[in-house]
Amino acid sequence: MKERGINNTFKKIIYESSEMVFLADDTYPYNIFYTNEAFDKTIGEKLEDNTLVGLGLDINSYIFSEEMIINFLDQEFVFNIELPQENGSNYFLFYKGKEMRAQGMPTKKQTGLFFKNVQDLIGIGQENFLTWISNSVKDILGYSPAEMTNVELCQFFHPEDLPKVHQLVLAGKNEITNSHFEARMLSSRGDYKWIDWNVNFVAGEFYAVGRDITEEKLAQEKNDWKNELTNLGEIVSKSGVWEIAIPENNVILSDGLYAIFETEKGRNFNIDQIITFFLPEFRSVFQKSLTELMAIGKDFDLKLKIKTNSSTEKWVRIIGKGQFKENSVSKVFGTIRDISDENDLLTELGLYKEMFEHSPESILISNISGEIIFTNQEANQKLGIVPKSGYSFKIGDFETKFSVEADWESHIHQLTNENNLIYKTQYTNLDKTEIHMEVNSCLVEINQIKYILSFARDITERVGLEKTLQESSEFLLHLTEQVPGALYQFVLDKEGQMKFSYLSPGIKELLGIKEGELKDFSDISLAINKVHSEDIALVLTSTVTSARTLKPWNCQFRVREKTDGQFKWVYGAAKPEQLESGDVVWYGYLTDITDQKKFEENLKSAREQAERASQIKSEFLSMISHELRTPLNAISGSVYTLLQDDHTSHQASALNTINFAVDNLIIMINDLLDYQKIEAGKLTLENNPMNLKEVVNQVVKGLEFHAKDSRNKLVLNIQEELNQDVKGDKVRLAQVLNNLVTNALKFTNNGEVEINVRLSENSEEKIKAYFSVKDTGIGIAKEHQSRIFNQFDQIQHSFSKKYGGTGLGLSITKRLLEQMDSQIGLESELGLGSTFFFEIVFEKTKKQLIPIQQKENVSLLPFSKIKLLMAEDNDVNALVLGKIIKKWGIDYDRVNNGQEAVDAVKNEKYDCVLMDIQMPVMDGFEATKIIKTISNIPVLALSAAAKQDLIEKIDQSGFTGYVSKPIDASELLKKIKEVLNQS
């Protein structure tokens, strides 16, 4: 080749280089005018056309490249290229040429054949378009490579899969090298093909390989559809499939079984866990059947009851079968179906059948031909049919009018049109006895088969009665004329005119009318003239009111008797009816009630006498209670003094028994007095400030010993929100709680009594508190629960012997709660315990901050220096109280009445007065009033009466405190200390 334009330095470089170098013109066909020896040996000797065109190069493709690849005779060579404009010459410089092919790599021809015959899609691209794609796109999507390159790729993807494509593009931008996804691509035929793409990103380009997985997807969708269909079938049929692989004993459950067992899907169960789903009485049956199935392949079909994970009980039908391999069981499987609804339906159908069988009406069911297919017991008895006798009957055998086929067909036709018929007929039973029947017949269709359902009621008696009534109509008319008093019809026409349109003959005797006057008595004025002058206005105004309101008229008035000028009492009643003409008509009667009025006067007098007797009873009970408390006071005080002396444990037990008996007597006396007050309506409730939590705590604390004595656990649960002051009756609330808790402890042994108090409603001015007393005692049977709130009532007489009591506690509790606008509730089950509960609304009270006056700390005088005055007329009470006081080391004087107490206070100095209320000469109230005018000495009231009965008089008289009889020595000492500290 010619050497042109090459200097010596460049020549040297060329010849010393082991790499290929050549030069070519910059004009077409780009003649190669210089080559080195390496190029000649490798390419030049085999090159027929020494041009770039002969090498198969398109120089325009490399005008922006610094490197080019030459494919020559199935070999690839890489050269660096320098363009004419770069070296300021008129030729191309190709240098550093070398062969690219590495060992084991395919040739270009091999690569071309590979890409031509590859079944997968192979593509190269940038951003969201392809720059090259394999020919396989034609077979898969039906496009030529040109149709798929350098165009927007998103148009080929299914709209639902575009988010995946966008995510892929974003991944490439974020330099995530590898991605995999499945997407649907639009083919040239208009359908979509599923392509599984693997995409790699390298230096801003992506290289993608896609495989057509449409058939796999369709197969998967078909399989998913079958699974979904199976799941839907399980849902509809409420069933599921189970399998146990042997010998691993792994349990596999379908989704339907997870739904039946109401547990989360996918949870693994072993055989023992599956068995626990069955109720205890069914487990042995299932376990035995499952064992036989797994051991010898014996199939089973059982109906059992399970308890689900949500504690729901269900009836299920479980079927088990085995699969054999080499003469041994290799796998067991089966189904479980929820048959609860079917079981309920069978039960319900059985109930309906029983209802039909035992219906008081005769029931006959026949087919469309009139053949009887069912009769109930009543029908069999009425018609003389013997069940299961083998004989068949038709409706016409008993209802003779249907023995003619045309009449029966007419009946069916009428039923088809009207669906239901009610008619009267006669049945003739097998004994030829005729029975009058009222039949309600209807046409029903079950499973496209028509039946006639007939309900037949025996109206033989009614027919006889109607006949009797018809025969007695004249008798009734005669009776109307002869009945005492008078029947009448009275008309008020639209012009305001009033008149009698009918008067029975009885009016003559009632109003003293002669036979000849009855015809002209239609004029209302004649009747008004008979009425007492004081009652005329009442009669007329009540009549006008009845006319305006169309409400019944009732009136009692006096009429003058003709003979002696005296008046008799008459009662009139009528019901008005407004006619279309506008007239108002009354249908009524008048009757003489003079004797009734006299009876009412006598009854009023008797009631007043009864009220006086009730007052006497009340006073008697009060006196008796006082007289009972007096000896009880002596007993209680004596026991107290004996317990303070030296005594043996046996004596202490006897003394405590006496104390217990005294307490029970006091409770019964209090119950009787409270009941008497409630019956007389004299029990009033206080409405004073109290702390709700403190009241409840005091009641519970007071009963702790009782609970311990009965070996019961006493539990109190009270919300802290109830630690607030409200207005109410502290004593009566405590009485209610005490009654309920005491009852609970009485009827519970070695158990627990739980008191719950919580806030159920809270407003600005009021709160509603919920109280409940729950025990684990003997409980109350349903049939007895309504009786326990009756006065003097216990469930059985043996209860009073075993548990004691008057039977008034719960009755008083109920009445007290009713006075508090509350109701007591009860939930109880025999042998399990009872819960009594109620709610009370309390008015909130606003606390007023009162400055606490600091009191000097004055120590109490020694008992030996204290002197008391005891005013007590009863010698026994005085003796017992004196012993108690002496035990404390306190000195005292005793007087017998209020006057002596006043004189003693005037003449002596005492530290405190113990004043009995009921005394001769002067009672404790009057004496205390006088003492308070001459001295500030504290006075304590002593009385056997309840404090609630005396509280007003105690406050008015100036008493410092109150102690009830029988006297509690510790309570008395506490009160004495309190009043001495205050004085």
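Since this is a predicted model, take the numbers as computed values, not measurements. (Residues numbered from 1 in each chain as written. Predicted model: local features only at pLDDT ≥ 70, side-chain atom pairs only at ≥ 80, totals over all residues. Heavy atoms only, no water.)

Chemist: Just checking my understanding: could you explain the overall build of the chain for this structure?
Modeler: The helix and strand tally for the chain stands at 31 helices and 37 strands. When the 983 residues of the chain are sorted by exposure, 39% land in the buried category. Residue pairs at least 24 apart in sequence account for 51% of intrachain contacts in the chain once pairs closer than 6 positions are excluded. With the model as given, the accessible surface of the chain reaches about 58,300 Å², and the carbon-plus-sulfur share is 51%. (Helix = DSSP H or I, 4+ residues; strand = E, 2+ residues; numbered from the N terminus. Buried < 20%, exposed > 50% of the residue type's maximum accessible area, 1.4 Å probe, protein only. Contact = heavy atoms within 4.5 Å. Areas by Shrake-Rupley, 256 points an atom, 1.4 Å probe, with all protein chains shown as cover.)

Chemist: Would you mind showing me how to read the packing of aromatic side chains here?
Modeler: How two aromatic rings sit relative to each other is set out by the distance from centre to centre and by the angle between their planes. All chains considered together, the criterion is met by 24 aromatic pairs. When the centroid spacing of 5.7 Å and the interplanar angle of 70° are considered together, the rings of F282 and W315 count as edge-to-face. Here the residue F282 occupies a position in helix α11 (residues 280–296), and W315 occupies one in strand β14 (residues 313–325), the gap between them amounting to 33 residues. Accessibility expressed as a relative area gives 17% for F282, which makes it buried. Taken together, F22, Y28, Y30, F39, F79, F92 and F94 form an aromatic cluster joined through their ring pairs. One Lys or Arg, K597, reaches over the ring of W569 and ends 4.5 Å from the middle of that ring. A cation sits over an aromatic face here: R758 above Y770, 4.1 Å from the ring centre. (Phe/Tyr/Trp six-rings, centres within 6.5 Å; stacked < 30°, edge-to-face > 60°. Lys NZ or Arg CZ within 6 Å of the ring centre and 35° of its normal.)

Chemist: I tried to follow a nonpolar patch on the surface on my own but got confused; where do I start?
Modeler: There is a patch of nonpolar side chains on the surface, built from V483, L487, Y502 and Y589 and spanning about 300 Å² of accessible area. Checked against the element boundaries, V483 lands in the loop between α16 (473–482) and β21 (486–492). (Patch = residues over 30% accessible without salt bridge, like charges linked within 9 Å, V, L, I, M, F, W, Y side chains within 5 Å. Salt bridge = Lys/Arg side-chain N within 4 Å of Asp/Glu carboxyl O.)

Chemist: Got a minute to help me understand the sheet that holds strand β3 (residues 67–72) in this structure?
Modeler: If you walk across this open sheet you meet the five strands as β2-β1-β5-β4-β3, and the pairing is antiparallel. Of all strands in the sheet, those with a lone pairing partner are β2 (32–35) and β3, marking the two edges. On average, each strand axis in the sheet is inclined to that of its neighbour by 30°, with strand direction left out of account. With three bridges connecting them, strand β1 (residues 20–25) and β2 associate as antiparallel partners. Residue F22 lies in a different strand from β2, and its bridge partner there is T35. (Pairing = 2+ DSSP bridges. Axes fitted to C-alpha atoms, helices over the stretch in contact; angles between N-to-C directions.)

Chemist: Teacher, can you tell me more about the sheet that holds strand β24 (residues 567–578) here?
Modeler: By way of backbone hydrogen bonds, the strands of a sheet pair with one another, either parallel or antiparallel. Strands sit in the order β22-β21-β25-β24-β23 across an open sheet of five strands; the sheet is antiparallel. Of all strands in the sheet, those bounded by a partner on one side alone are β22 (498–503) and β23 (553–560). Here the strands of the sheet are splayed against their neighbours by 30° on average, with no regard to which way each runs. In the sheet, β21 pairs with β22 via five bridges, with the strands oriented antiparallel. Counterpart to L492 in the pairing with β22 is M498. Seen against the sheet, helix α19 (residues 536–549) touches β21, β23, β24 and β25 (584–592) and runs at an angle of roughly 160° to β23.

Chemist: I'm lost on the packing of helix α24 (residues 730–746) against helix α26 (residues 809–819) in this one. Help?
Modeler: In helix packing, the relevant descriptors are the interaxial angle and the interaxial distance, both defined with respect to the helix axes. Closest axis-to-axis distance for the α24/α26 pair is 10 Å, and the angle between their directions is 145°. For α24 against α26, the interelement crossing comes out left-handed. Contact residues: R732, Q735, V736, N739, L740 and N743 in α24; G809, L810, I812, T813, L816 and L817 in α26. Class assignment for the residues of the contact of α24 with α26 results in six nonpolar, five polar and one charged. (Left-handed = near helix turned anticlockwise from the far one by under 90°. Nonpolar A, V, L, I, M, F, W, Y, C, P; charged D, E, K, R; others polar.)

Chemist: Is there a simple way to think about the packing of helix α28 (residues 898–907) against helix α29 (residues 924–934) in this case?
Modeler: As a packed pair, α28 and α29 sit with axes 9 Å apart at the nearest point and diverge in direction by 15°. Between α28 and α29, the angle is such that the two are roughly parallel. By crossing handedness, the relation of α28 to α29 is classed as right-handed. Contact with α28, carried on its side by G898, A901, V902, V905 and K906, involves A927, I930, I931 and I934 of α29 and no other residues of that element. A breakdown of the residues in the contact of α28 with α29 according to their chemical character gives seven nonpolar, one polar and one charged. (Parallel < 35°, antiparallel > 145°, perpendicular 65-115°, else oblique.)

Chemist: Before we go on, may I ask you to explain the pairing of β24 in this structure?
Modeler: The two faces of the sheet receive side chains in turn, since in a regular strand these alternate between them. Strand direction decides the pairing type here: β23 and β24, joined by eight bridges, are antiparallel. Bridging across to β24, F557 finds its partner in V570. Where β24 lies against β25, nine bridges are found, and the strand directions are antiparallel. Bridging across to β25, G572 finds its partner in L590. The antiparallel pairing of β24 with β25 creates a hairpin that spans five residues between the two strands, and G582 there sits at a positive phi of about 100°.

Chemist: It is not clear to me how unusual backbone geometry should be interpreted in this structure. Could you clarify?
Modeler: With an omega of 5°, the peptide bond between Y28 and P29 qualifies as cis. With respect to the element layout, P29 can be found in the loop between β1 and β2. Although it is not a glycine, Y30 adopts a positive phi angle of roughly 65°. Position of Y30 among the secondary structure elements: in the loop between β1 and β2.

Chemist: What's the story with the environment of D301 in this structure? I'm lost.
Modeler: Of note, D301 is situated in strand β13 (residues 300–307). Since its relative accessible area comes to 42%, D301 is described here as partly exposed. With 34 residues separating them along the chain, D301 and T335 place their C-alpha atoms 9.6 Å apart. A polar contact of 2.5 Å, which involves the side chain of D301, links it to the side chain of R317. (Polar contact = N/O pair within 3.5 Å; in protein donor to acceptor, adjacent residues only side chain to side chain.)

Chemist: Help me out: how do you make sense of the environment of V905 in this one?
Modeler: Turning to its location among the elements, V905 is positioned in helix α28. Note on V905: relative accessible area 10%, which makes it buried. Along the primary structure V905 and S935 are separated by 30 residues, whereas in three dimensions their C-alpha atoms are 7.9 Å apart.

Chemist: Help me out: how do you make sense of the pattern of salt bridges in this one?
Modeler: Between side chains of opposite charge, a pair can form as their charged atoms come close. Per the stated rule, a full pass over the model turns up 26 salt bridges. The salt bridge involving K867 is made with D893; its shortest N-O contact spans 3.3 Å. Of this pair, K867 sits in strand β33 (residues 867–871) while D893 sits in strand β34 (residues 891–895), and the two are 26 residues apart along the sequence. Accessibility expressed as a relative area gives 22% for K867, which makes it partly exposed. For D893, a relative accessible area of 26% puts it in the partly exposed group. For R894, the salt bridge identified is with D875, shortest N-O distance 2.7 Å. Taken together, the residues R894 in strand β34 and D875 in helix α27 (residues 875–887) connect sequence positions 19 residues apart. Each of E160, D161 and R184 takes part in salt bridges that share partners, so that together they form one network.

Chemist: Looking at this structure, I do not really get α27. What am I missing?
Modeler: Look at α27: 18 Å from first C-alpha to last across 13 residues, which is about the 18 Å you get at 1.5 Å a residue. Among the residues of α27, N877, A878, V880, L881, G882, I884 and I885 are the ones counted as buried. For α27, the N-terminal cap is N874; the gap from its side-chain oxygen to the backbone nitrogen of V876 is 3.0 Å. Positive backbone phi, at 80°, marks G889, one or two positions downstream of α27. (Expected span 1.5 Å × (residues − 1).)

Chemist: Just to check I follow, could you spell out the side chain of S710 for this structure?
Modeler: Locating S710 in the fold gives a position in the loop between α23 (704–709) and β27 (713–718). On the basis of relative accessibility, which here comes to 13%, the residue S710 falls in the buried class. Sequence-distant contacts of S710, that is, excluding residues within four places in its chain, are made with L745, T748, N749 and N750.

Chemist: Just checking my understanding: could you explain the pairing of strand β11 (residues 239–245) for this structure?
Modeler: Note that β11 and strand β15 (residues 328–338) share seven bridges and pair antiparallel. Within the sheet, the bridge partner assigned to W242 lies in β15 and is G334. Here β11 pairs with strand β12 (residues 250–253) via four bridges, running antiparallel. Each bridged residue has a counterpart across the sheet, and for E243 the counterpart in β12 is I252. Between β11 and β12, which pair antiparallel one after the other, the connecting turn spans four residues, and N249 there sits at a positive phi close to 60°.

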